[in-house]
Amino acid sequence: MRADRLVAALLLMQSRGRVTAAELAGELEVSVATARRDLDALSAAGIPVYPQPGRGGGWSLVGGARTDLSGLSAPEARALFLLAGPAAAISGDAKAALRKLVRALPTTFRADAEAAASATVIDPTRWGERGRRRPELVELLQAAVIGRRTVRLTYLDNARRRTERLADPWGLVDKDDVWYLVAGTDRGRRTFRVDRIAAAEPTARTFQLPADFRLDTAWEQVVAEVERRRSRTWATVLIETRFVPILRDHFGRHCHTDATLDDGRSRVRLGAPTALDIARNLAGWGAQVEVLEPLSVRTELARIGAELAGRYTGAR
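Quantities reported herein were computed from a predicted structural model and do not represent experimental measurements.

1. A few points about the overall build of the protein chain
Link 1 in the chain: For the protein chain, the count of helices and strands is 11 helices and 12 strands.
Link 2 in the chain: The 316 residues of the protein chain split such that 36% are buried.
Link 3 in the chain: When contacts within the protein chain are restricted to residue pairs at least 6 apart in sequence, long-range pairs at least 24 apart make up 58% of them.

2. Considerations on the layout of surface pockets
Link 1 in the chain: Taken as a whole, the largest pocket encloses approximately 1600 Å³ of empty space.
Link 2 in the chain: Residue lining of the largest pocket: 42 residues in total, with Lys175, Tyr180, Arg193, Val226 and Arg230 positioned closest to the centre.
Link 3 in the chain: Elements supplying a minimum of two residues to the lining of the largest pocket: β5 (162-175), β6 (178-185), β7 (188-193), α8 (215-229), α9 (244-251), β11 (265-272) and α10 (275-283).
Link 4 in the chain: The element contributing the most residues to the lining of the largest pocket is α8, with 8 residues.
Link 5 in the chain: A per-class count over the lining of the largest pocket returns 12 nonpolar, 10 polar and 20 charged.

3. Remarks on the sheet that holds strand β1 (residues 18-19)
Strand pairing in a sheet is mediated by backbone hydrogen bonds. Such pairs are either parallel or antiparallel.
Link 1 in the chain: The sheet built from 3 strands is open, its strands ordered β1-β3-β2 with antiparallel pairing. Of all strands in the sheet, those bounded by a partner on one side alone are β1 and β2 (49-52).
Link 2 in the chain: Two strands pair when backbone bridges link them, and β2 and strand β3 (residues 58-61) are joined in this way by 4 bridges, in the antiparallel orientation. When the bridges of β3 are listed, proline 51 appears paired with tryptophan 59.

4. A word on the packing of aromatic side chains
How two aromatic rings sit relative to each other is given by the distance of their centres and the angle of their planes.
Link 1 in the chain: A full pass over the atoms with the stated rule returns 4 aromatic pairs.
Link 2 in the chain: With a centroid separation of 5.1 Å and an interplanar angle of 75°, the aromatic rings of tyrosine 155 and phenylalanine 192 are classed as edge-to-face. Of this pair, tyrosine 155 sits in strand β4 (residues 149-156) while phenylalanine 192 sits in strand β7, and the two are 37 residues apart along the sequence. Exposure class is identical for tyrosine 155 and phenylalanine 192. Each is buried.

5. A look at the pattern of salt bridges
Link 1 in the chain: In the structure shown here, the tally under the stated rule is 15 salt bridges.
Link 2 in the chain: When the shortest N-O distance is used, the salt bridge between arginine 205 and aspartate 168 registers 3.6 Å. Placement of arginine 205 in strand β8 (residues 197-206) and of aspartate 168 in strand β5 is noted, with a sequence separation of 37 residues between them.
Link 3 in the chain: With a relative accessible area of 16%, aspartate 168 lands in the buried category.
Link 4 in the chain: Salt bridges here are not isolated pairs; linked through shared partners, they connect Glu225, Arg228 and Arg229.

6. Comments concerning the packing of helix α2 (residues 21-28) against helix α3 (residues 32-44)
A packed helix pair is summarised by two numbers, namely the angle formed by the two axes and the spacing between the axes.
Link 1 in the chain: The contact between α2 and α3 brings their axes to 8 Å, and the two run at 105°. The angle between α2 and α3 falls in the class roughly perpendicular. Of the residues in α3, those in contact with Ala21, Ala22, Leu24 and Ala25 of α2 are Val32, Ala35, Arg36 and Leu39.
Link 2 in the chain: By residue class, the composition of the contact of α2 with α3 is 7 nonpolar, no polar and 1 charged.

7. Quick look at the sheet that holds strand β12 (residues 290-293)
Link 1 in the chain: Taken in spatial order, the 4 strands of this open sheet run β10-β11-β9-β12, and their pairing is antiparallel. Across the chains shown, the open sheet's two edge strands, defined by having one partner strand only, are β10 (255-260) and β12. Each neighbouring strand pair of the sheet contributes to a mean axis angle of 30°, computed without reference to strand direction.
Link 2 in the chain: Taken together, the 5 bridges between β10 and β11 define a ladder with antiparallel strand orientation. What sits directly across from cysteine 255, in β11, is leucine 270.
Link 3 in the chain: Across the sheet, helix α11 (residues 295-312) touches β9 (233-240) and β12, and the angle it forms with β12 is around 145°.

8. Quick notes on unusual backbone geometry
Link 1 in the chain: A cis amide bond links glutamate 293 to the next residue, proline 294, at an omega of 10°.
Link 2 in the chain: In the Ramachandran plot, arginine 160 falls in the positive-phi region, its phi being about 65° despite a non-glycine side chain.
Link 3 in the chain: Looking at the secondary structure, you find arginine 160 in the loop between β4 and β5.
Link 4 in the chain: Taking the relative accessible area as the measure of exposure, arginine 160 reaches 55% and is therefore exposed.
Link 5 in the chain: Phi angles above zero are rare outside glycine, and aspartate 176 is one such case at about 55°.
Link 6 in the chain: When you line up the elements, aspartate 176 lands in the loop between β5 and β6.
Link 7 in the chain: Residue aspartate 176 is classed as exposed on the basis of its relative accessible area of 53%.

About the thresholds
- Residues numbered from 1 in each chain as written.
- Predicted model: local features only at pLDDT ≥ 70, side-chain atom pairs only at ≥ 80, totals over all residues.
- Heavy atoms only, no water.
- Helix = DSSP H or I, 4+ residues; strand = E, 2+ residues; numbered from the N terminus.
- Buried < 20%, exposed > 50% of the residue type's maximum accessible area, 1.4 Å probe, protein only.
- Contact = heavy atoms within 4.5 Å.
- 1 Å grid on protein atoms, 1.4 Å probe; cavity = no way out; pocket = protein on both sides within 12 Å on 5 of 7 lines; lining within 4 Å.
- Points joined across faces, edges and corners; volume = space filled by probe spheres on them.
- Nonpolar A, V, L, I, M, F, W, Y, C, P; charged D, E, K, R; others polar.
- Pairing = 2+ DSSP bridges.
- Phe/Tyr/Trp six-rings, centres within 6.5 Å; stacked < 30°, edge-to-face > 60°.
- Salt bridge = Lys/Arg side-chain N within 4 Å of Asp/Glu carboxyl O.
- Axes fitted to C-alpha atoms, helices over the stretch in contact; angles between N-to-C directions.
- Parallel < 35°, antiparallel > 145°, perpendicular 65-115°, else oblique.

Shown next as structure tokens:
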């Protein structure tokens, strides 16, 4: 017997005051016999529900309580459906769950909840980019996270070499449409890009999460370390102030304005993994950007400029 059906039955009784087995069957999309078994199970479990025979009868909670079992206020219900609505557009299960939640809400909440669920569309694809497909292994890994089941991974490293390892899946993160698995291994905590997992097989072994583990905290640490690696080299440049937002779009959090000068330019600090990475990003600006330091970035820009001049000098 599914616990979610029993909770849904309670929510319906709380919102409506009384339901028949036939009404419950229609709402939960099960047979009338199954609905009756669910109601009997609630009563047997000590939940204060009772049947009323005859015309106008049905099942009710003792005392005829009609409060919202979820405890949601109207603003909380709107916030929940604003958040869950976009997810329902891409997941059949989420859409079904949302539909059942709407039915279980008090009547006065339902119109706002339904409007909130369809009020927002999330398009994660940047202009000019193709949409990324969600990796097929995400659902399998989500089930392993929830079930605390160790998985055997076949993983491709940066050089596309295959390795096989056992991992305890602690949580999944969707960052800018790229999925990551945070897991425990025999070498400690590791982070895997899901699109590099060639195969994943749940094992019979189960695990316990570390007592001090929090997925949001662990991910903050991962992000901090990755961003540190992405900004090992820093350069100071001069550029017209009106172009600073474009640099900020290219370099993200690794773009800091130090000062705005009287000549209409700004002194900006830019970070990237290597001097070559900075030079490649700035080469297209030509003389609009002046690199003050370090020498390594100036040298890379001079080399790129010489290569371009050598290739295209005299070209028609």
